[in-house]
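A look at the structure
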Amino acid sequence: MSRSGSSPPVAEAQPAPPDLRLAGLAMAVWLTTLAGLHVGSRPLLLAAGTAAVLTSCGALHLVGRLGQPRAATRRYGWIAVAVGLGLVCGAAATTARLAVRDAPPIRALAEQRAPVTADLIVRDDPRPIRSAGRPGMLLVSTELTRLTGPDGRRVRAPVRLLVLATDPAWRGLLPGQRLTADGRLGLPRGGDLTGAVLSTNGPPVRQGASSWAQRAAGTLRAGLQRACAPLPDDPGGLLPGLVVGDTSRLPPAVEEDFQATGMTHLNAVSGSNVAIVVGAVLLLARWARAGPWLAAGLCGVALVGFVILVRPSPSVVRAATMGAIGLAALAAGRPRAALPALAAAITVLVLVDPELAGDPGFALSVLATGGLLLLAPRWRDGLRRRGVPPGVAEALAVPAAAQLACGPVVAGISGTVSLVAVPANLLAVPAIAPATILGVVAATVSPIWPAGAEFAAWLASWPAWWLVVIARHGARLPGGTLPWPGGVPGALLLAGLTVALLVAVRRPLVRRLVAVVGVAAVLGALPVRLVAAGWPPPGWVVVACAVGQGDALVLPVEPGRAVVVDAGPEPGAVDGCLRRLGVREVPLLVISHFHADHVGGVAGVFRGRRVGAVLMPPSAEPVEGRDLVRAAATGGRATLLTTVAGARHPVGGVDLLVLGPPYPLAGTRSDPNNNSLVLRATVAGVRILLPGDAETEEQHAMVARAAPGQLRADVLKVAHHGSAYQDLRFLDEVRPSVALVPVGAGNTYGHPNLGLLTRLSRGGARVLRTDTDGDVAAIRSGDGLAVARRGVLPGHRP
């Protein structure tokens, strides 16, 4: 029988509220531990004691009210008790680890900078420090087992030691390797569980071999690197980072592009990598109609195998935990159950290793997983209710949720907010899984089938190339990033605004108002960003690049063309500086002398650019540097030129006059330094003196031979990174208005000399230094000279 009339409307099912039962416990443990790492154990114990008393009182009060009807009151009361319990647990675990870190015998030796012999266990892969005071320095995270002091007394303490090593023998160490090393202890910077820093120039003495798992991982990782070797630099360097977190071959320019577009998380192993690999196994198991237990077993085997491949370091275990939680929620279709599991994982991981609380990677993993579980499903369902196809809704909701959740941490690290992060990550989604899976295949088959590994890596290079293209073009969009306060204040500010926004937009009227204001703000800000001075600043006549402990100066010829003087210590830094300046052609590259901190980056000048000629000094010392420059010039088909004092080299609007060395100097403190080419460049009427690393002897010789006023300059590139070896009469002759000091942060040479900087400032010079100011520029303005600094991003040390 048919029924007439319309059916009554069916109320739309509302999504169940998120299960946050353990969230308070997890956040309390996390934040308490993070605070304890910075404030120390005494304030932490005081806070823990207070929290313990309040928690006990609250729990007793709630137990006495179990029979009363207000369930909501009891629920919030138990959440408060969980927060108090988290405070107590976090404080107790952190205090115990801080007591080990601050062991008096280790601390005393570190304060004395005593020479010691240390027995160590390597905790993670050695990492190169590109901008360290000494080229080739490695950073090795280790755990101390025994320390022998200068008096022969032995100390046993499970303290974490950070090793700063220069010997290449440290490069091939695997996690778990036991070794002995001699060096000098120093104090750590604080904020983590590192008890001391060991500086060593010698090789380690290995004690046995690392575990079979680490050796297997090393074999597979080396096989992946070999398979990627024939690929172009950008995708070939990115692919190992995508698959196993190995960024040793990642070009710095690509790294900068990924940071600018909010894609940095792809350069390291994260929970998404784990989810992709295990998810692929799960799909295959379901396709083969495997039962739940068999599918779970296969996924477990894949998870263990992937962790072994990328090395079971603490960061990888963290990523595996987060990825497994996300995968479990996806496979079971129960996101509510995943949130308590995420909170429990945070609690356990932080209590086991309190140092994770201050690790940005841990924060990004947790926030990304939480965003995917809390925000993405609701946004996906909301888009589907508005007619968006399911696949498109999922593709839009996932990167938007992850980016919004991770935004405060990224802003605190980089000091910027990316406007292109969401579209860039959306475009990257189709390429991530193929690149990861094919890369894992290449690594897995590399020991038994090298040709097959190379073919799989070649296939994976195409999605990796797509990621590079997205990052490159996204980083070059005008107004793609907006400045934001860096550090903890900036992160907390953006986090507060994000929470307020999420709460406010639940009301339709507020949601529309926020949308209108947001669009208006972006449309209003972008023209200002497009018109306002960015980098390089208009009217620049010289830029000192922040390349670490070395020199790289740029003189503009015309848009896209510039003269470059010296190339810094490594290729990526100078290449990045030239890219920021938009330099596509270098008609003349000048080498002041052949020390590594001036020629080590010469390949970066040639990278993707035409170099017309290379002007070299008469002195050929050291020969290693000379051979490096000649090889780069030969490979780039550049003409090799030499010069002498008095020669002039005009290049477009840049006029170069060679002032020194006036004659060959020998028997000085450093003959290569004191035979540096000294140039006086004139750009747009501004005189710029570039003395290389000329020290007291060469400066004195020039003062004696120079004509009156010949050394006078508006801008001085301070010689030898601002060392104390300066001739005061030379400085009096120059009398600069602007002094640029190219110098590396944390260098071990004591550069720049504070007395020299004070003298320059008292003489009327505006002093800028690349270690604190980043790239710095002198600008020709209507009223004379001005200066501009690009700034140093938080967390980066030039």
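See the structure above.
Residues numbered from 1 in each chain as written. Predicted model: local features only at pLDDT ≥ 70, side-chain atom pairs only at ≥ 80, totals over all residues. Heavy atoms only, no water.

Overview of the overall build of the protein
Applied cut-off: Secondary structure elements follow DSSP: runs of H or I no shorter than four residues count as helices, runs of E no shorter than two count as strands, and numbering proceeds from the N terminus. Only protein chains enter the accessibility calculation, which uses a 1.4 Å probe; a residue is then buried when its area is under 20% of its type maximum, exposed when over 50%, and partly exposed in between. Any two residues whose heavy atoms approach within 4.5 Å at even a single point are treated as in contact.
Per the secondary structure count, the protein includes 26 helices and 25 strands. Put simply, the protein has 798 residues, and 48% of those count as buried. Pairs at least 24 apart in sequence give 70% of the contacts found in the protein among residues at least 6 apart.

Considerations on the state of the cysteines
The line we're drawing: Note on terminology: disulfide denotes any pair of cysteine sulfur atoms within 2.5 Å.
This model, assessed by the stated rule, comprises one disulfide. Here Cys545 engages in a disulfide with Cys577; their sulfurs sit 2.0 Å apart. Handedness of the Cys545-Cys577 disulfide follows from its S-S torsion of about -70°: it is left-handed. A residue pair is termed long-range when its members are at least 10 positions apart, and Cys545 in the loop between strand S11 (540-544) and strand S12 (553-558) and Cys577 in helix H19 (residues 571-580) qualify at 32 residues. Just as Cys545 is buried, Cys577 falls in that class too.

Looking at the environment of Cys406
Position of Cys406 relative to the elements: it lies in helix H14 (residues 390-414). Judged by relative accessible area, which is 11%, Cys406 ranks as buried. Spatially, the C-alpha atoms of Cys406 and Thr369 are 9.6 Å apart, while their sequence positions differ by 37 residues. Aside from chain neighbours lying at most four places away, what touches Cys406 is Leu364, Leu367 and Ala368.

Here we look at unusual backbone geometry
Where the residue is not glycine, phi is negative for most of them; where a peptide bond is considered, it is trans in most cases. Cis geometry is found at the peptide bond from Glu621 to Pro622, where omega equals -10°. Here Pro622 is to be found in the loop between strand S15 (610-616) and helix H22 (623-635). Omega for the bond connecting His751 with Pro752 falls within 30 degrees of zero, at -5°, which places this linkage in the cis form. One can find Pro752 in the loop between strand S22 (738-741) and helix H25 (754-762). Backbone geometry at Ala684 places phi at a positive 55°, although glycine is not the residue there. Mapped onto the fold, Ala684 is located in the loop between strand S19 (678-683) and strand S20 (686-690). Looking at Ala684, the relative accessible area reads 48%, which means it is partly exposed. Despite not being glycine, His721 shows a phi value in the positive range, around 60°.

Points about the sheet that holds strand S16 (residues 639-642)
Note the threshold: For two strands to count as paired, DSSP must find a minimum of two bridges between them. Note on definitions: angles span 0 to 180 degrees between N-to-C directions of axes, and those axes are lines fitted to C-alpha atoms, for helices only across the stretch in contact.
The strand order across the open sheet built from eight strands is S16-S15-S14-S13-S12-S11-S24-S25, with neighbouring strands paired in mixed fashion. Each of the sheet's edge strands pairs with one partner strand only, and the pair in question is S16 and strand S25 (784-789). When the angles between neighbouring strand axes are averaged without regard to direction, this sheet yields 20°. With five bridges joining them, S12 and strand S13 (residues 561-565) adopt antiparallel strand pairing. If you follow Leu555 over to S13, its bridge partner there is Val563.

Some words on the sheet that holds S22
Pairing within the open sheet is mixed, and its seven strands lie in the order S17-S18-S19-S20-S21-S22-S23. Of all strands in the sheet, those bounded by a partner on one side alone are strand S17 (648-651) and strand S23 (766-769). Each strand axis lies, on average, 20° off the axis of its neighbour in the sheet, ignoring direction. Packed on one face of the sheet, H25 meets S22 and S23 and runs near 145° to S23.

Quick look at the pairing of S12
For S12, a buried count of five out of six residues is recorded, marking the element as mostly surrounded by other parts of the structure. Looking at chain direction, S11 and S12 are connected through two bridges and run antiparallel. Bridging across to S12, Ala544 finds its partner in Leu553. Counting the residues between successive antiparallel strands, the hairpin from S12 to S13 contains two residues, one of them, Gly560, with a positive phi of roughly 90°.

A closer look at H25
The cut-off we apply is this: The arc in question is formed by the directions pointing from the helix axis toward the C-beta atoms. Polar contact criterion, stated in full: a pair of N or O atoms within 3.5 Å, where within protein one must be able to donate a hydrogen and the other to accept it, and residues adjacent in sequence count only if both atoms are side-chain atoms.
Within the sequence span of H25, burial applies to Leu756, Leu757 and Leu760. The buried residues of H25 occupy an angular sector of 100° when projected down its axis, which confines them to one face. More than 90 degrees from the buried face of H25, the exposed residues found are Leu754 and Arg762. Buried residues along H25 sit in contact with helix H24 (728-734), S22 and S23. Structurally, the start of H25 carries an N-cap: the backbone nitrogen of Gly755 is 3.0 Å from a side-chain oxygen of Asn753. Remark: Gly764 follows H25 within two positions and exhibits a positive phi of approximately 100°.

Considering the nonpolar core
Cut-off, in case you're wondering: The nonpolar core is taken to be a set of buried Ala, Val, Leu, Ile, Met, Phe, Trp, Tyr and Cys residues, with the residues joined through side-chain atoms within 4.5 Å.
Formed by 44 residues in total, the largest nonpolar core has its most connected members in Leu238, Leu239, Phe258, Met263 and Leu467. Counting residues per element, the ones that place at least two in this core are helix H5 (212-228), helix H6 (233-244), helix H7 (252-260), helix H8 (271-287), helix H9 (292-309), helix H15 (421-445) and helix H16 (450-475). Beyond its immediate chain neighbours, meaning those up to four positions away, Met263 contacts Phe258, Ala424, Asn425, Ala428, Leu467, Ile470 and Ala471. Counting 31 residues, the second largest nonpolar core, distinct from the first, contains Ala552, Val554, Leu578 and Ala632.

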